[in-house]
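What follows is each chain in one-letter form.
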2 protein chains.
Amino acid sequence: MRKVIHSFKVGIALVLVSLLYLLDPLFSQVGENAMWAIMTVVVIFEFFAGATLSKGLNRGLGTILGGGLGCLAAALAQKAGGIGSTIIVGTSVFIFAAAATYTRMVPKIKKRHDYGAMIFILTFNLVVVSGIRAEKVMKLARERLSTIGMGFVICIFISLLIFPIWASDELHDSIASKFEDLARSIEAICLEEYGGSNGEKENQPAVANLSSCKSVLNSRSKDESLANFAWWEPWHGKFGLNYPWGKYLHIGEHLREVAATILSLKGLSARHEPPTTLRQTITEPCEAVGSLLARSLRELGESILKMRRCHPGASIVPELKSMRLELSLFMSSSNLQPIENGDGLAMATFLLLLMDI
Amino acid sequence: MRKVIHSFKVGIALVLVSLLYLLDPLFSQVGENAMWAIMTVVVIFEFFAGATLSKGLNRGLGTILGGGLGCLAAALAQKAGGIGSTIIVGTSVFIFAAAATYTRMVPKIKKRHDYGAMIFILTFNLVVVSGIRAEKVMKLARERLSTIGMGFVICIFISLLIFPIWASDELHDSIASKFEDLARSIEAICLEEYGGSNGEKENQPAVANLSSCKSVLNSRSKDESLANFAWWEPWHGKFGLNYPWGKYLHIGEHLREVAATILSLKGLSARHEPPTTLRQTITEPCEAVGSLLARSLRELGESILKMRRCHPGASIVPELKSMRLELSLFMSSSNLQPIENGDGLAMATFLLLLMDI
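Residues numbered from 1 in each chain as written. Chains lettered and ligands numbered in written order. Predicted model: local features only at pLDDT ≥ 70, side-chain atom pairs only at ≥ 80, totals over all residues. Heavy atoms only, no water.

> Hey, could you go over the nonpolar core for me, with residue numbers and the actual values?
Counting residues in hydrophobic clusters, the biggest one holds 80 residues, and the most contacted among them are Leu-14 and Ile-38 of chain A together with Leu-14 and Ile-38 of chain B. The contacts of Ile-38 of chain A, once residues within four sequence positions are left out, are Leu-14, Val-17 and Tyr-21 of chain A together with Leu-122, Asn-125, Leu-126 and Val-129 of chain B. The next biggest cluster of nonpolar side chains, apart from the first, holds 62 residues, and it includes Phe-47, Met-105, Phe-179 and Val-216 of chain B. (Core = buried A, V, L, I, M, F, W, Y, C linked by side-chain atoms within 4.5 Å. Buried < 20%, exposed > 50% of the residue type's maximum accessible area, 1.4 Å probe, protein only. Contact = heavy atoms within 4.5 Å.)

> Explain the pattern of salt bridges to me, using residue names and the numbers behind them.
Residues and elements named next belong to chain A. Under the counting rule described, the total for this entry stands at six salt bridges over all chains. One salt bridge connects Glu-46 with Lys-55, and the closest N-O pair in it is separated by 3.2 Å. Since its relative accessible area comes to 19%, Lys-55 is described here as buried. (Salt bridge = Lys/Arg side-chain N within 4 Å of Asp/Glu carboxyl O.)

> Describe the packing of aromatic side chains, and please don't skip the residues or the numbers.
Aromatic ring pairs are defined here through the distance separating the ring centres and the angle between the ring planes. Throughout the structure, instances matching the rule amount to twelve aromatic pairs over all chains. Considering the side-chain rings of Phe-47 of chain B and Phe-48 of chain B, the 5.1 Å spacing of their centres and the 80 degrees angle between planes classify their relative orientation as edge-to-face. When sorted by exposure, Phe-47 of chain B lands in the same class as Phe-48 of chain B, which is buried. Judged by centre distance (6.1 Å) and plane angle (20 degrees), the rings of Phe-120 of chain B and Phe-124 of chain B are stacked. Of this pair, Phe-120 of chain B and Phe-124 of chain B both sit in helix 6 (residues 107–133), four residues apart, which is roughly one turn of the helix. An aromatic cluster of at least three residues, connected via ring pairs, comprises Phe-47, Phe-48 and Phe-229 of chain A. Over the face of the ring belonging to Tyr-115 of chain B we find Lys-55 of chain B, whose NZ or CZ atom lies 4.8 Å from the ring centre. (Phe/Tyr/Trp six-rings, centres within 6.5 Å; stacked < 30°, edge-to-face > 60°. Helix = DSSP H or I, 4+ residues; strand = E, 2+ residues; numbered from the N terminus. Lys NZ or Arg CZ within 6 Å of the ring centre and 35° of its normal.)

> Now, about helix 3 (residues 34–44) of chain B: what can you tell me, with residues and values included?
When you tally the buried positions in helix 3 of chain B, you get eleven out of eleven residues, the bulk of the element. For helix 3 of chain B, the set of buried residues is Ala-34, Met-35, Trp-36, Ala-37, Ile-38, Met-39, Thr-40, Val-41, Val-42, Val-43 and Ile-44 of chain B.

> Residue-level account of the packing of helix 4 (residues 49–80) of chain B against helix 5 (residues 82–104) of chain B, with values.
To characterise two packed helices, one gives the angle between the axes of the helices and the distance between these axes. Residues and elements named next belong to chain B. At their nearest, the axes of helix 4 and helix 5 sit 7 Å apart, and the two run at 155 degrees to each other. For the element pair helix 4 / helix 5, the angle class is roughly antiparallel. The chirality of how helix 4 crosses helix 5 is right-handed. Contact residues: Leu-69, Ala-73, Leu-76, Ala-77 and Ala-80 in helix 4; Gly-82, Gly-84, Ser-85, Ile-88, Val-89, Ser-92 and Phe-96 in helix 5. Looking at the contact of helix 4 with helix 5 residue by residue, the classes come out as eight nonpolar, four polar and no charged. (Axes fitted to C-alpha atoms, helices over the stretch in contact; angles between N-to-C directions. Parallel < 35°, antiparallel > 145°, perpendicular 65-115°, else oblique. Left-handed = near helix turned anticlockwise from the far one by under 90°. Nonpolar A, V, L, I, M, F, W, Y, C, P; charged D, E, K, R; others polar.)

> I'd love a proper account of the packing of helix 3 (residues 34–44) of chain A against helix 4 (residues 49–80) of chain A, names of residues and values included.
Residues and elements named next belong to chain A. At a minimum axis distance of 9 Å, the contact between helix 3 and helix 4 shows a crossing angle of 140 degrees. Considering the angle they form, helix 3 stands oblique to helix 4. Here Trp-36, Thr-40, Val-43 and Ile-44 of helix 3 lie close against helix 4, whose contacting residues are Thr-52, Lys-55, Gly-56 and Arg-59.

> Now, about a nonpolar patch on the surface: what can you tell me, with residues and values included?
Nonpolar side chains collect at one region of the surface, where Val-4, Phe-8, Ile-12 and Leu-16 of chain A together with Tyr-102 and Val-106 of chain B lie side by side and expose about 480 Å² of accessible area between them. The leading source of residues in the nonpolar patch is helix 1 (residues 2–22) of chain A, at four residues. With respect to the secondary-structure elements, Phe-8 of chain A resides in helix 1. With a relative accessible area of 44%, Phe-8 of chain A lands in the partly exposed category. (Patch = residues over 30% accessible without salt bridge, like charges linked within 9 Å, V, L, I, M, F, W, Y side chains within 5 Å. Areas by Shrake-Rupley, 256 points an atom, 1.4 Å probe, with all protein chains shown as cover.)

Printed below as a string of structure tokens:
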């Protein structure tokens, strides 16, 4: 559904920007440079509002920087004249292009300003090279910049004001839903595998849970790009300015560790079928641990979703601790699986403490 | 080092393409359209040869398709004339832009042809809109296409022939080095934590190993994009055409599972310090298992690196099996950690079998 909305928005933006060409009074103002406005809209308009904003600002910054330096270099080359100007242009293109390309590969710049650096190279090159031919570089640059600005304004207007799709909402919801996924996986393992109900007939949901667990494990790059876009997004809805997006990444990191623990616990239980007698003795504590863990994870997830401080945490922590003590007593009477649960439990306690900051 | 080479290559390519502008005989041929060649080089030239090729081909495809359809629409609009032509242009822009944007979000197309779809929108829009103004759309389109082609040829030439940086090599090496990373982590855990040498003083390398283990866990998106680029790369070096890149992704998937197991084993050992007496009894088997696992992982990694069939596998598998049996005997005398080793072991056996296909 959101995809359809996004497609319509792109369509509308392009029609609007095409009007620069189609309507005679507008065209007489901007002329052939309207091309740059169209290009800007096509290239900038992204799915998330933050991504659009980030690309747009980067494009603006790159264009201005590249254009400015390009004009300087072109002026220098014009002064030299003759073959000297060609040499100056050639070397300056080489130096700036190589330097900017190298900068693009620095991780920190790659993360936020990759696109800006590319536009810088492009603009610098175009300006410096056409500076030799065109007499009025400055006028050309100003006109192009203004049409790029028009494209940018249209994009931002449509992207941010008409049914905006916020990366911050997406990140917020996806983190909260991960808690739910993990809670369900823990329940599935503890109740179905070790628990009383035999797992045979309910094999399908268990596999589904496993895959949701794996998707949590593999969610890192998606989270990072979302947090990056969210960083660009202005104040809106429930998120203030300078909202701590980095914390979301930390939480995601811990959730991935929990997911890794759950996965290996799952692998363990799949491979070492416990004998029935042992199974019966561990059924009860396993079920208790599983539901307690799942409950606390759910509560954490909900508290994040609704953005309130996790007050029940105060009541859960001692409960988890006593459960853990009980388990470690149990453990010493020689059964093997709950130690892993204890591990997950310790992890959850850690998480809980982290949340309470 | 490779980054410096890449920067120099970009610089050289841009200087070459700028010659279209700088040298009078060339400029008289291509005119202002040389701009498009510069743009093509800046936008297409990527770090890996496969990425450059993929972007270039996508750009070509998108330009041709978009240009062709755009010419058709423009011809249609010209026949209508007057206000009708404006309406035709507007609606066709809206429909094609929305449709192509929607297509871009289909996962399969997003993976391979995202850039091509974007260029399609751009070209279509430019051609159809300027078709109303310019009398010779066809000529314009042909000239632009030929300059884009020049830019493409320069890029491909420099990217593929001068110190090429292959994504396939990168993928190949990174998969092989992951085996080594995991082997080192296993050794570190088994020998340092459970083993005789006390872990206190050697805490630093253990942490380093943990982080390498985590980076293996988080390597999925990088592997996928590399495999995607590798798919585009032509026959070269030791890789033939239709090399099974998908298999690398499968192996990566299994390695990530092993990494998850190792991580949770590590968490386990950090939290539950075994009593010294128990510790002494498990020292020997733990060391043995650790070194055996590490050795088999290393051998697997090496066999992948050198691309020979893993013959020693035949001798390792029974060894692993007997070790596992021994461990499970040991396990039943009430100590808790080795079961996890048994798990990693089973995983490794699985991997081994997988490799032998």
